[in-house]
Amino acid sequence: EDKVVQSPLSLVVHEGDTVTLNCSYEVTNFRSLLWYKQEKKAPTFLFMLTSSGIEKKSGRLSSILDKKELSSILNITATQTGDSAIYLCARYTGTASKLTFGTGTRLQVTL
Amino acid sequence: KAGVTQTPRYLIKTRGQQVTLSCSPISGHRSVSWYQQTPGQGLQFLFEYFSETQRNKGNFPGRFSGRQFSNSRSEMNVSTLELGDSALYLCASRVVGMAGELFFGEGSRLTVL
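About the thresholds
- Residues numbered from 1 in each chain as written.
- Chains lettered and ligands numbered in written order.
- Predicted model: local features only at pLDDT ≥ 70, side-chain atom pairs only at ≥ 80, totals over all residues.
- Heavy atoms only, no water.
- Disulfide = S-S within 2.5 Å.
- Helix = DSSP H or I, 4+ residues; strand = E, 2+ residues; numbered from the N terminus.
- Buried < 20%, exposed > 50% of the residue type's maximum accessible area, 1.4 Å probe, protein only.
- Contact = heavy atoms within 4.5 Å.
- Buried area = accessible area lost by both parts, 1.4 Å probe.
- Salt bridge = Lys/Arg side-chain N within 4 Å of Asp/Glu carboxyl O.
- Nonpolar A, V, L, I, M, F, W, Y, C, P; charged D, E, K, R; others polar.
- Pairing = 2+ DSSP bridges.
- Axes fitted to C-alpha atoms, helices over the stretch in contact; angles between N-to-C directions.

(A) How the structure looks around the state of the cysteines. Taken as a whole, this structure holds two disulfides over all chains when the rule is applied. Residue pairing for A:Cys23: its cysteine sulfur links by disulfide to A:Cys89, the two sulfurs lying 1.9 Å apart. Handedness here is read from the sign of the S-S torsion; for A:Cys23 and A:Cys89, about 75°, the answer is right-handed. In this pair, A:Cys23 is assigned in strand β3 (residues 19-25) and A:Cys89 in strand β9 (residues 85-92), connecting sequence segments 66 residues apart. Pair check on accessibility: A:Cys23 and A:Cys89 agree, each one buried. At a sulfur-sulfur separation of 1.8 Å, the disulfide partner of B:Cys23 is B:Cys91.

Structure below.
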């Protein structure tokens, strides 16, 4: 089955905390793993990771893929209330625009 | 640069009716794909269109169909609506050749009563 599993399903942290979100995937025809942030409706692209293992960074967010463990983590340091969102990871197998999404991690950052 | 535009944003239909949703991609993006998002199943791929041709299709019944016009705008249609079709329908566009990196619209929220 073409599965992507995210954990935890949800978490609540205080502003300033560091969080790590997890995503595991199946290897069949794997090309890349993508992370998206969904605040209200439209998911917005964060990172694309490949088996090269190169870490991607953007401000307080960073992500890396572990091809041995078939997993990826998304780190957010010094969280802010604006980081509150659903974080989605998706697996891309090279078939057109077909991404297989996990069900997401709902992050809530409180003051 | 305008983003992906979807219309209508919200709609309510009754079982058995049909619905048509519209999507205008980002200018220059020729690929348009559609996803269904529900609380239980998450985001699921419906289909993708490029050059007015369906390129790939997800595991949805034939009641779900789509098309793309020469200006890259796309429509999707759901016929004989069922209660389980209630969902957020998201359209995404991409630059052909930029694999996987999709730009999503705000979605059309469909409620079937």
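(B) Broad picture of the interface of chain A and chain B. In this assembly, 16 residues from chain A lie in contact with 21 residues from chain B. Taken together, both faces of the contact between chain A and chain B bury some 1700 Å²; the carbon and sulfur share is 59%. Our count for the contact surface shared by chain A and chain B stands at zero salt bridges. For the side of chain A that touches chain B, the secondary structure elements donating two or more residues are β4 (32-38), β5 (44-49), β9 and β10 (99-101) of chain A. Considered class by class, the residues forming the side of chain A that touches chain B number eleven nonpolar, three polar and two charged.

(C) Just the sheet that holds strand β3 (residues 19-24) of chain B, in detail. Residue and element names in this part refer to chain B. The strand order β1-β3-β8-β7 describes an open sheet built from four strands, whose pairing is antiparallel. Taken across any chain shown, the strands that pair with only one partner, and hence form the sheet edges, are β1 (5-7) and β7 (64-68). Adjacent strand axes in the sheet meet at a mean angle of 20° when their direction is disregarded. In this structure, β7 lies alongside strand β8 (residues 74-78), joined through five bridges in antiparallel fashion. Its bridge partner lying in β8, Gly66 is registered against Met76.

(D) Structural context of the pairing of strand β1 (residues 4-7) of chain A. All names here are of chain A. The side-chain alternation of β1 yields one buried face, formed by Val4 and Gln6, and one unburied face, formed by Val5 and Ser7. Pairing geometry for β1 and β3, over four bridges, is antiparallel. By the bridge assignment for β3, Ser7 is matched with Asn22.

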